[in-house]
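Architecture at a glance
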Amino acid sequence: MTTCLGIESTAHTFSCSIVDEESILSDVRSVYKPPEGSGIHPREASRHHADESAAVLRDALATAGVRMSDVDVIAYSAGPGLGPCLRVGAVVARCLSSYHAKPLVPVNHAVGHIELGIRLTGARDPLVLLVSGGHCMILLFSGRRWRVIGETLDITPGQLLDQFGRELGFASPCGAKIEELASRSSRYIRLPYTVKGNDVSYSGLLTAAKKALEGNRVEDVCYSLQETAFAMLTEATERALAFSRKEELMVVGGVAANRRLADMLATICNRQGARLHVVPIKYAGDCGAQIACTGLPAYKAGISVEPSRAFVRQSWRIDSTDVPWRGDGTYKERAADLID
Ligand code: AMP
Ligand code: MG
């Protein structure tokens, strides 16, 4: 059995998790909370991560019942994310790797969301919808990489909800609060719906939703914002399902916690004859488990970096990241299918 420590620090969350091939032994998180009405301040968040890192690591080891000497591999999220936050995780990982002479594995955070989702839902060969604070992509695996076949042209659904929530005076993240407010309404106010090809655009919707707060009930605007934003995603995802002929759809990322989105996706899965996998709510947002569950197969596939060369990349696209451990026949056949 191989034991992997995963360290996550791309944005608001500093988290450490210990996993092996069979289970998630621990997943401990400390989340930076900005003042009410504001978003993440990268320098303040990185200060939070630096302050919390030792306690989070200690707790993760204790909960898993292992010592650093029992850990075989150390994985850290190398990007994409906020530079100051990423650097804290990378420095912690680099120090642990050097001091304890353990191999070090850089992990793409978006691949981490997907790997954890696959481990928890048992999906085999899914089309993936990754929707979170930092991501909005529809992804298809082909030729050793996740290929982006639809994405946002501007802000992500998480940013849309968080920026709208801040307008209401909430502190980020606001998705759950908006979901709760939206559940109290069924009155739709017309808002801009923008799908271009298989991409979505949310900035016009955000501006219009803020304007709609004048003269309308907050609950009605929250409801209309969710309905519009999720219908756009669902339309693009249904087209991707029909095109790819995938038999599974997996939704991961913080916004996957939203029940209304899951309901809409269930409707298109029924229509397209696909099975829907939704990542369990506890593991929808950023966490160390996503990094550990990716670091483990990555290490076994031969991926590692010298501690002195440990890097961070603020804009590390998923479609420029090799995923060699996921290259089985099923995927190749499917890719060939698409070319025919
Ligand atoms: P992540 O970046 O993966 O940690 O996801 C965080 C994002 O998920 C934030 O933008 C949150 O507002 C959003 N989020 C969390 N819970 C919900 C929810 N129930 N509905 C919609 N968005 C949510
Ligand atoms: Mg994330």
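What you see is a predicted model; the values in this text were computed from it and never measured.

What counts as what
Residues numbered from 1 in each chain as written. Chains lettered and ligands numbered in written order. Predicted model: local features only at pLDDT ≥ 70, side-chain atom pairs only at ≥ 80, totals over all residues. Heavy atoms only, no water. Donors = N, O, S within 2.8 Å, 3.2 Å for Na, K, Ca; no water. Helix = DSSP H or I, 4+ residues; strand = E, 2+ residues; numbered from the N terminus. Buried < 20%, exposed > 50% of the residue type's maximum accessible area, 1.4 Å probe, protein only. Expected span 1.5 Å × (residues − 1). Contact = heavy atoms within 4.5 Å. Pairing = 2+ DSSP bridges. Axes fitted to C-alpha atoms, helices over the stretch in contact; angles between N-to-C directions. Near = heavy atom within 4 Å. Polar contact = N/O pair within 3.5 Å; in protein donor to acceptor, adjacent residues only side chain to side chain. Areas by Shrake-Rupley, 256 points an atom, 1.4 Å probe, with all protein chains shown as cover. Nonpolar A, V, L, I, M, F, W, Y, C, P; charged D, E, K, R; others polar. Core = buried A, V, L, I, M, F, W, Y, C linked by side-chain atoms within 4.5 Å. Phe/Tyr/Trp six-rings, centres within 6.5 Å; stacked < 30°, edge-to-face > 60°. Lys NZ or Arg CZ within 6 Å of the ring centre and 35° of its normal. pLDDT = per-residue confidence, 0-100. Salt bridge = Lys/Arg side-chain N within 4 Å of Asp/Glu carboxyl O.

Quick word on the coordination of the magnesium ion (ligand 2)
Taken together, the protein ligands of the magnesium ion (ligand 2) are His109 (NE2), His113 (NE2) and Asp286 (OD), with distances of 2.1 to 2.3 Å. Spacing between the donor residues of the magnesium ion (ligand 2) along their common chain follows H-x3-H-x172-D. Taken together, the residues His109 and His113, both in helix H3 (residues 109-121) and four residues apart, mark about one turn of the helix. The pair His109 / His113 is uniform in exposure class, with both members buried.

With respect to helix H2 (residues 83-100)
Between its terminal C-alpha atoms H2 stretches 26 Å, which fits the 26 Å expected from 18 residues at 1.5 Å a residue. The set of residues buried in H2 consists of Gly83, Cys85, Leu86, Val88, Gly89, Ala90, Val92, Ala93, Leu96 and Ser97. Turning to H2, the residues buried within the fold contact strand S1 (4-8), strand S2 (13-19), helix H1 (42-64), strand S4 (73-79) and strand S5 (104-108). Looking at the residues trailing H2, positive phi occurs at Ala101, about 50 degrees.

Considering the sheet that holds strand S12 (residues 275-278)
Taken in spatial order, the five strands line up as S8-S7-S6-S11-S12 in an open sheet, and their pairing is mixed. On the outer flanks of this sheet lie strand S8 (145-151) and S12, each paired with one strand and no other. Taken over all neighbouring pairs, the strand axes of this sheet differ in orientation by 25 degrees on average, direction set aside. Relative to S12, strand S11 (residues 248-252) runs parallel, the two sharing four bridges. The residue of S12 that forms the bridge with Met250 is His277. Lying over the sheet, H3 contacts strand S6 (127-131), strand S7 (136-142), S8, S11 and S12, oriented at roughly 120 degrees with respect to S11. Along the sheet, helix H8 (residues 259-272) contacts S6, S11 and S12; its crossing angle with S12, the most-contacted strand, is approximately 160 degrees.

Topic: the site of ligand 1
Close contacts around ligand 1 come from 18 residues, with Asp162, Gly175, Glu179, Asn258 and Asp286 the closest. Here an oxygen atom of ligand 1 sits 2.9 Å away from a polar atom, N or O, in the main chain of Gly175. Between ligand 1 and the protein, one listed contact pairs a nitrogen atom with a side-chain N or O atom of Asn258 at 3.0 Å. Notes on ligand 1: free accessible area 500 Å², of which the protein chains cover 90%. Among the secondary structure elements, those contributing two or more residues to the shell around ligand 1 are helix H4 (157-167) and helix H5 (175-182). Split into classes, the residues belonging to the shell around ligand 1 amount to six nonpolar, nine polar and three charged.

With respect to the nonpolar core
Counting 75 residues, the largest nonpolar core has Ile114, Trp146 and Tyr202 as its most contacted members. If one sorts the elements of this core by residue count, helix H7 (residues 218-244) sits on top with eleven residues. Discounting residues that sit within four places of it in the chain, Ile114 has contacts with Val128, Leu139, Trp146, Met250, Val252 and Ile318. With 26 residues, the next largest nonpolar core counts Val66, Met68, Ile74 and Val305 among its residues.

Focus: H4
Residues Pro157, Gly158, Leu160, Leu161, Asp162, Phe164 and Gly165 constitute the buried set of H4. Contact partners of the buried residues in H4: S6, S7, H5, helix H6 (203-212) and H7. Remark: Gly169 follows H4 within two positions and exhibits a positive phi of approximately 95 degrees.

As for the packing of aromatic side chains
The geometry of an aromatic ring pair is captured by two quantities: the separation of the ring centres and the angle between the planes. A full pass over the atoms with the stated rule returns two aromatic pairs. Ring centres of Phe141 and Trp146 lie 5.0 Å apart, and the angle between their planes is 75 degrees; this geometry places the pair in the edge-to-face category. Here Phe141 matches Trp146 in class, with each residue buried. Taking 5.6 Å as the distance between ring centres and 75 degrees as the angle between the ring planes, the aromatic pair formed by Phe311 and Trp316 counts as edge-to-face. Phe311 gets classed as partly exposed once you look at its relative accessible area, which sits at 23%. The ring of Phe311 has Arg313 sitting right over it, with the charged end atom 4.4 Å from the ring centre. Here the guanidinium or amino end of Arg313 rests over the ring plane of Trp316, the centre of that ring lying 5.2 Å away.

Notes on the confidence of the model for the protein chain
Summing up the model confidence of the protein chain, the mean pLDDT is 94 and the portion of residues at 70 or higher is 96%. Between residues 329-340, whose pLDDT stays under 50, and residues either more than four places distant or in other chains, the model counts 17 contacts.

Re the pattern of salt bridges
Applying the stated criterion across every chain yields a total of 17 salt bridges. The salt bridge involving Glu115 is made with Arg326; its shortest N-O contact spans 2.9 Å. With Glu115 in helix H3 and Arg326 in the loop between helix H9 (288-300) and helix H10 (329-339), the pair connects residues that are 211 residues apart, well separated along the chain. Classification of Arg326 as buried rests on a relative accessible area of 14%.

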